[in-house]
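The primary structure of each chain is shown beneath.
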Amino acid sequence: MEISASRNKMGEYQLEIGPVTFSLPSDVAKALQQVIDQRLNQNSAIDDENTKRKITAYRVLASKMIGVDDRIVQKFAPLVTPEQLVTIVRLADGDEFYKKVVKNLSKQNRRQFEEDYASMDKITEQHACLYMEQIVPLIKRAAQEQKELHSN
């Protein structure tokens, strides 16, 4: 549906939505713009609830990574971006996963990770969800490798 806005000869705004035309005084047009801006920039309660639910699930997933074998952590860490690695470490309970990651990185990578961890101390919940969504396949692969290690 095509929407267009213009002014008529009397100075009123005309809003055309498909075959329908609305004539609006300027104060009504401004109020409409404010309502639209507010709605577009406002998260709904449902969105907030979904984000909280995802964060909780990702915290559980990140905490399970604490039990993964060191060899798997050594493979996993270079495959993810610094933001993703910091996010999963921050989501894990306590500092055990942090210690495990640091222990399994080379000296240079360890220093870089520690710098990244210190500088990325304010990751938003939306960014955390995005980063975790991106690395879930890698976490699944790590879990599969962990199963294979323990079944042998």
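The model shown is predicted, which means the values in this text are computed figures rather than measured ones.

**Q** Could you clarify how one ought to interpret the overall build of the protein chain in this entry?
**A** Counting secondary structure elements, the protein chain contains seven helices and three strands. Ordered by position from N to C terminus, the α and β elements of the protein chain give β-β-β-α-α-α-α-α-α-α. Expected size for 152 residues packed as a compact globule is a radius of gyration near 15 Å; at 25 Å, the protein chain overshoots this value by more than 25%. C-alpha extents for the protein chain along the principal axes are approximately 80 × 35 × 25 Å. Here the protein chain holds 152 residues, and the buried ones make up 28% of them. The contacts of the protein chain with a sequence gap of at least 6 include a subset with a gap of at least 24, amounting to 61%.

**Q** When you look at the nonpolar core in this model, what are you seeing that I'm missing?
**A** As a rule of thumb, nonpolar side chains are buried together in soluble globular proteins. In this structure, Phe76, Leu85, Ile88 and Phe97 are the most contacted members of the largest nonpolar core, which totals 31 residues. Sorting elements by how many residues they give to this core places helix H7 (residues 125-151) first, with eight residues. Discounting chain neighbours no more than four positions away, the residues touching phenylalanine 76 are Met65, Leu85, Ile88, Ile135, Leu138 and Ile139.

**Q** It is not clear to me how the packing of aromatic side chains should be interpreted in this structure. Could you clarify?
**A** The description of an aromatic ring pair uses the distance of the two centres, along with the angle that the planes make with each other. Summed over the entire model, instances satisfying the criterion amount to three aromatic pairs. When the centroid spacing of 5.6 Å and the interplanar angle of 35° are considered together, the rings of tyrosine 98 and phenylalanine 113 count as tilted. With tyrosine 98 in helix H5 (residues 96-103) and phenylalanine 113 in helix H6 (residues 107-119), this pair connects stretches of sequence that are 15 residues apart. Its relative accessible area of 22% is what places tyrosine 98 among the partly exposed residues. Judged by centre distance (4.7 Å) and plane angle (50°), the ring pair of tyrosine 98 and tyrosine 117 falls under tilted. Residue tyrosine 98 is located in helix H5, and its partner tyrosine 117 is located in helix H6; the two are separated by 19 residues in the primary sequence.

**Q** Could you clarify how one ought to interpret the side chain of serine 63 in this entry?
**A** Here serine 63 shows up in helix H2 (residues 45-64). In contact with serine 63, other than residues within four places in its own chain, are Leu91, Ala92 and Asp93.

**Q** Quick question: what am I supposed to make of H7 here?
**A** A turn of α-helix holds 3.6 residues, and therefore any two residues three or four places apart point the same way. Under the 1.5 Å per step criterion, the end-to-end length of H7 is 36 Å for 27 residues, consistent within 8% with the ideal 39 Å. Taking the largest bend as the criterion, H7 deviates by roughly 45°, centred on isoleucine 135, and proline proline 137 comes between one and four positions later. Among the residues of H7, Ala128, Cys129, Tyr131, Met132, Ile135, Val136, Leu138, Ile139, Ala142 and Gln146 are the ones counted as buried.

Each value, and the rule that gives it
Residues numbered from 1 in each chain as written. Predicted model: local features only at pLDDT ≥ 70, side-chain atom pairs only at ≥ 80, totals over all residues. Heavy atoms only, no water. Helix = DSSP H or I, 4+ residues; strand = E, 2+ residues; numbered from the N terminus. Rg over C-alpha atoms; globule rule 2.2 N^0.38 Å. Buried < 20%, exposed > 50% of the residue type's maximum accessible area, 1.4 Å probe, protein only. Contact = heavy atoms within 4.5 Å. Core = buried A, V, L, I, M, F, W, Y, C linked by side-chain atoms within 4.5 Å. Phe/Tyr/Trp six-rings, centres within 6.5 Å; stacked < 30°, edge-to-face > 60°. Expected span 1.5 Å × (residues − 1). Bend = angle between axes of the 7 residues up to and from the residue.

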